[in-house]
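Okay, here's what each chain looks like letter by letter:
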Amino acid sequence: MGSKRERVIPSKYIPEVGSHVETIDGKNYLIANDAMYAFYRRTKGELSEFFLALRDEKRLLGCKCSRCGLVRVPPFLTHCPDCNFAPTKIIEVEQVGVMNSTPPITHFATSLFQHIAPYGRGRVIFKGADTAMSVLLYTTTGILVPGIIKKGTEVKLVFNDERIGNVADVFCVPTSELRKAQIEKKCLLRSEIDWESPVEPKLPAASAGDVAACREILKEMRSIIDEMNRNERARKDIAGWRRDILVKTRGAEFGIRIDDGKIRFEEKGPAAPDFVMVCEDPRTLLDGLAYRGAITDSVINKKLWLSKNMEFNTIFKLDRRARSIARSKKV
Ligand SMILES: [Zn+2]
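Just so it is clear, the structure is predicted and the values come from calculations on it, not from any experiment.

## A word on the coordination of the zinc ion
Note on the zinc ion: its protein donors are Cys65 (SG), Cys68 (SG), Cys80 (SG) and Cys83 (SG). The metal-donor distances range over 2.3 Å. Coordination at the zinc ion is tetrahedral, judged from the four donor atoms that bind it and the angles of 103 to 120 degrees they form at the metal. The exposure class assigned to Cys68 is partly exposed, which follows from its relative accessible area of 42%.

Here is the structure:
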């Protein structure tokens, strides 16, 4: 008949299935075409009971084998393969556990998870369970960096105040950051934790030399900020973003105000900042703004501390801004 059915996405826009190799600096990298994500509806099936308990009752469930007694969390088996498929039954386990490995931290997440980054992702054996459950991990002490949560760290399960019945409804924080009553409380909510008063790293006392050196560095910082403000591309990078940042360094305290496309350097730091940045050497921040190394790297390398984990996002934007300036110069 020769009639052609029109596809929703024309075929020319659909990439080939397959892969190829790209060689960069003598190393081979496998490149494959993939779809980012699609919207779809799916059932949690046999795991519905587990997710409903998280969502509606703030309980953590596992399954216990009727023969060997092994407790698996989450309860992903209705019958135990170790015991010739003896039935398991649902039981509740405790909400305190121990990391069974050191969790990697995701700083640069895909667009789906950017709003919750940086986060740790690791496996926890909760009291009463024999298997480890994969959970998101955070700290209340400011930015999440390596070393805070390790293999063997005791952690507490925390529930988001709003839950939809998925694994991101819960996360863990180290019990060492909580009060006894919070650790013992079943169903601890995110809103019951103090996220606003992390302990700032202490700065060594500044010598007269430090103060003088700092003054020079800040002069340079100001001129870089002025240049950024004149650059349209750089202004776009922080359009719609507003943050009052108190910066503490050895030798000076000052403010950086991000205000919808513009940055203002302020001699006097804000009294009620959105977050605090502590970097012993002010050059760390200067170099980042000047595109001599990323500020995000300094955060990950613990040279620059942030009082709020989620403000890594702001740092990411500042880096992008520095990159825009550098690219504009190349053109
Ligand atoms: Zn068994």
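## Points about the packing of aromatic side chains
Per the counting criterion, the structure on display carries six aromatic pairs. Aromatic pair Phe50 and Phe51: ring centres 5.0 Å apart, planes at 75 degrees, arrangement edge-to-face. Given a relative accessible area of 2%, Phe50 falls into the buried group. On the basis of relative accessibility, which here comes to 12%, the residue Phe51 falls in the buried class. Taken together, a centroid distance of 5.5 Å and an interplanar angle of 85 degrees make the contact between Tyr138 and Phe171 edge-to-face. Taken together, the residues Tyr138 in the loop between β10 (133–137) and β11 (154–159) and Phe171 in strand β12 (residues 170–174) connect sequence positions 33 residues apart. Given the relative accessible area of 1%, Phe171 is considered buried. Pairwise contacts between aromatic rings join Phe108, Phe312 and Phe316 into one cluster. The ring of Phe51 has Lys44 lying over it, and the distance from NZ or CZ to the ring centre is 4.8 Å. The positively charged end of Lys317 is found above the aromatic ring belonging to Trp241, 4.2 Å away from the centroid.

Reading the values: rules and limits
- Residues numbered from 1 in each chain as written.
- Predicted model: local features only at pLDDT ≥ 70, side-chain atom pairs only at ≥ 80, totals over all residues.
- Heavy atoms only, no water.
- Donors = N, O, S within 2.8 Å, 3.2 Å for Na, K, Ca; no water.
- Tetrahedral: all angles 85-135°; square planar, octahedral: opposite > 155°, others 65-115°.
- Buried < 20%, exposed > 50% of the residue type's maximum accessible area, 1.4 Å probe, protein only.
- Phe/Tyr/Trp six-rings, centres within 6.5 Å; stacked < 30°, edge-to-face > 60°.
- Helix = DSSP H or I, 4+ residues; strand = E, 2+ residues; numbered from the N terminus.
- Lys NZ or Arg CZ within 6 Å of the ring centre and 35° of its normal.

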